[in-house]
Amino acid sequence: MADTLRRLSNSETCRLLQDKLEDWYKDYHINSCDQNLNICCELLELNSKIQGQLFTILNFTSREGGQYAGVETLKSRFLPWLGTCFSNSTCADSSFSLLQESLEKDKRMRELSSSHDKELHKLEAQLASTRVELKEVRQDLLEAQIELEETKTQSATTLLATEDEILQLRSDLRTTQEKLELRKLESLEDYQRQIRLLKDEISILSAEKSILHGRLSRSRSPSPIRHSPSPIRHSSRSSSPFIRSESPTAAQLTNSSRHSRLISRFNDIFANDRLDAQNLMRRYIEDLEMVQRIIFIATVESFHAAKMAFRQFKLRVRKSLSPSHLGPESLEDAVIDYIVRNLDLYDVQSSVNDVISAMNVNPKISFPAEVDFILISSFIREVCRVAFAMQTLETPLDITFAIDGELFSETKYRRTYNSELSAPLVLYHVWPVLMENDTVVMKGEAVTKRGALWNARKSRSRSSSPIRSRSLSPGQTLLSRSRSPSPQRSGTPRKLNKSGRLELSMLST
């Protein structure tokens, strides 16, 4: 008996019955009628199993108590329970019929509910569509109201703006009339000042014209300087008009007149000074190409040195004038005016030394060891002065960058007489291009030949470095001088400089 009770307590039938009851309670309203009946039958089967085991246990327990033990309990509890179960059989039948009726009613209710749900869904869809339409109508109404308000505000602002514009236009008209009157007065003053300047310029130019006429009359007579064998006397231009024009009265000239004068001086350097320097150097260098290269590089380096000197001089002048500047003109105009009036303060000798130092290390040119680039120092000095004065113009004049082997441009250069007219590349340059911003003021001159790049490389490989040609010791220089023709035969004395090179001594005429 104890084993049967233990098995009953350990069996999973009771637990399974409880779990199924809980699940049926949760899913009763979700399941269909057939599913609920099947679950109920399963629960009855499980209950019958448990009841069978309980009746077995009841039998065994009644036997253990003897013949009369447990009679009172059976009479008071078991027998009345059995009586009520048999007496309620009719009730069970009636309950079954009621259950069927309830099932039929549930089925009808489900059908009605499904139809009701369908109709409800349709109504909800119609309600949603009407709500969307209502929202669109409200949005359109709000937009119309906003547009109406905007039009109202715009109309109001336009009215105010027109009134303000009318007032502003009236005030602008008054100010423009006042400005026009002031400009007329200023232009009248400027015209009077320009007239005074032009009168002064005319007087200066007339004086220079008389001086030039006097020089021209003197130059028609045979000059001993032109026939002198000394190369220094032939190339010296100590009496050039540019040096005389650097008086303080030159600042009275206008910018246009200085512009034209500087261009004419640059043209004069190309036509006269360049040829003088070329003829002078041909006495010591037979290669015309090397001579023209030296003169071109000297011109380019002179412009570079003059521009650097102008920047430094301008900085010094601005620094000295800025504490005391109170005039009506700007500080920059005052600085340029001071530089124009004091061009003689330009240390041109320092620029000449810089140019000669730069030419000594230039790998494109070479020079005999017996002489030095100081031979053309007068030409370099003249180019430096012109380049320095060109920086004082309102739009400074400058030369363009040039390189051997570049494409020849008809707008910038002229071909030399010994050039090949069909050659597209530049072999080397003879004279730089003078530019004003992007406008060509004066064309340069270049030599064009076919195979310019190959000839340039070949000439560079053959030409010796200027450093090597000047790095000889004094003894080697004297030996080479005794074996080769030198300018000493023309009667020009020489002297040794600190680096051991032989230089020509400048003779004052």
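Heads up: these notes are all about the structure in this document. Since this is a predicted model, take the numbers as computed values, not measurements. (Residues numbered from 1 in each chain as written. Predicted model: local features only at pLDDT ≥ 70, side-chain atom pairs only at ≥ 80, totals over all residues. Heavy atoms only, no water.)

### Describing the sheet that holds strand 5 (residues 439–442)
So, point 1. In space, the three strands of this open sheet follow the order 1-4-5, with antiparallel pairing throughout. Edge strands, defined here as strands with exactly one partner in the open sheet, are strand 1 (397–399) and strand 5. Neighbour-to-neighbour, the strand axes of this sheet turn through a mean angle of 45°, independent of strand direction.
So, point 2. Against the sheet, helix 8 (residues 255–281) makes contact with strand 1, strand 4 (434–436) and strand 5, and its axis sits at roughly 60° relative to strand 5, the strand it touches most. (Pairing = 2+ DSSP bridges. Helix = DSSP H or I, 4+ residues; strand = E, 2+ residues; numbered from the N terminus. Axes fitted to C-alpha atoms, helices over the stretch in contact; angles between N-to-C directions. Contact = heavy atoms within 4.5 Å.)

### Re unusual backbone geometry
So, point 1. One non-glycine residue with positive phi stands out, namely Asn-437, at about 60°.
So, point 2. When you line up the elements, Asn-437 lands in the loop between strand 4 and strand 5.

### Focus on the pairing of strand 5
So, point 1. As paired elements, strand 4 and strand 5 share three bridges and run antiparallel to each other. Counted as the bridge partner of Glu-436 is Thr-439 from strand 5.
So, point 2. The loop that links strand 4 with its antiparallel partner strand 5 comprises two residues; one of these, Asn-437, has a positive phi angle of about 60°.

### Regarding the state of the cysteines
So, point 1. As enumerated under the stated definition, the model contains zero disulfides in all.
So, point 2. With no disulfide of its own, Cys-41 has Cys-40 as its nearest cysteine by sulfur position, at a separation of 6.0 Å. (Disulfide = S-S within 2.5 Å.)

### Remarks on the pairing of strand 6 (residues 444–448)
So, point 1. Of all five residues that make up strand 6, five are buried, and the element is covered over most of its length.
So, point 2. Residue alternation in strand 6 divides its side chains into two sets, Gly-444, Ala-446 and Thr-448 and Glu-445 and Val-447, and both sets are buried.
So, point 3. Where strand 2 (residues 413–415) and strand 6 come together, three bridges link them in parallel fashion. If you follow Arg-414 over to strand 6, its bridge partner there is Glu-445.
So, point 4. In the sheet, strand 3 (residues 426–431) pairs with strand 6 via four bridges, with the strands oriented antiparallel. Considered in strand 6, the bridge of Tyr-428 is made with Val-447. (Buried < 20%, exposed > 50% of the residue type's maximum accessible area, 1.4 Å probe, protein only.)

### A word on the side chain of Asn-362
So, point 1. The topology assignment puts Asn-362 in the loop between helix 11 (348–360) and helix 12 (377–390).
So, point 2. Looking at Asn-362, its side chain comes within polar contact range of the main-chain nitrogen of Lys-364, at 3.0 Å. (Polar contact = N/O pair within 3.5 Å; in protein donor to acceptor, adjacent residues only side chain to side chain.)

### Things to note about helix 12
So, point 1. Its 14 residues give helix 12 an end-to-end C-alpha distance of 20 Å, which sits within 8% of 20 Å, the value for a rise of 1.5 Å per residue.
So, point 2. Of all 14 residues in helix 12, 13 are buried, a share of seventy percent or more. (Expected span 1.5 Å × (residues − 1).)

### Let's talk about the sheet that holds strand 6
So, point 1. Pairing is mixed across the open sheet formed by three strands, whose spatial order is 2-6-3. The strands lining the two open edges of the sheet, one partner per strand, are strand 2 and strand 3. Looking at each pair of strands side by side, their axes are set apart by 35° on average, direction ignored.
So, point 2. Here helix 9 (residues 288–321) sits on the sheet and contacts strand 3 and strand 6; the angle it forms with strand 3, its principal contact strand, is near 60°.

### Regarding the nonpolar core
Side chains of nonpolar character tend, in soluble globular proteins, to be buried together.
So, point 1. Core analysis: the largest hydrophobic core is formed by 64 residues, its most contacted members being Met-281, Ile-294, Met-359, Ile-376, Phe-379, Ile-380 and Leu-434.
So, point 2. Elements supplying a minimum of two residues to this core: helix 8, helix 9, helix 10 (331–341), helix 11, helix 12, strand 1, strand 3 and strand 4.
So, point 3. In terms of residue count, helix 9 provides more of this core than any other element does, 15 residues in total.
So, point 4. In this structure, Ile-380 is in contact with Ala-298, Ser-302, Val-352, Val-355, Ile-356, Met-359 and Phe-373, ignoring residues within four places of it in sequence.
So, point 5. By size, the runner-up hydrophobic cluster in this structure holds five residues, among which are Leu-17, Trp-24, Leu-46 and Ile-50. (Core = buried A, V, L, I, M, F, W, Y, C linked by side-chain atoms within 4.5 Å.)

### Description of a nonpolar patch on the surface
So, point 1. A contiguous nonpolar patch, built from Phe-55, Leu-58 and Trp-81 and spanning about 270 Å² of accessible area, is present on the exposed surface.
So, point 2. Tracing the sequence through the fold places Leu-58 in helix 3 (residues 33–64). (Patch = residues over 30% accessible without salt bridge, like charges linked within 9 Å, V, L, I, M, F, W, Y side chains within 5 Å. Areas by Shrake-Rupley, 256 points an atom, 1.4 Å probe, with all protein chains shown as cover. Salt bridge = Lys/Arg side-chain N within 4 Å of Asp/Glu carboxyl O.)

### Structural notes on the packing of aromatic side chains
So, point 1. This structure, assessed with the given rule, holds eight aromatic pairs.
So, point 2. Between Phe-266 and Phe-303 the ring centres are 5.9 Å apart and the planes differ by 85°, which places this aromatic pair in the edge-to-face class. Of this pair, Phe-266 sits in helix 8 while Phe-303 sits in helix 9, and the two are 37 residues apart along the sequence.
So, point 3. Judged by its relative accessible area of 1%, Phe-266 is buried.
So, point 4. Classification of Phe-303 by relative accessible area gives buried; the value is 0%.
So, point 5. Through a chain of ring-to-ring contacts, the aromatic side chains of Phe-266, Phe-270, Phe-303, Phe-379 and Trp-431 assemble into a single cluster. (Phe/Tyr/Trp six-rings, centres within 6.5 Å; stacked < 30°, edge-to-face > 60°.)

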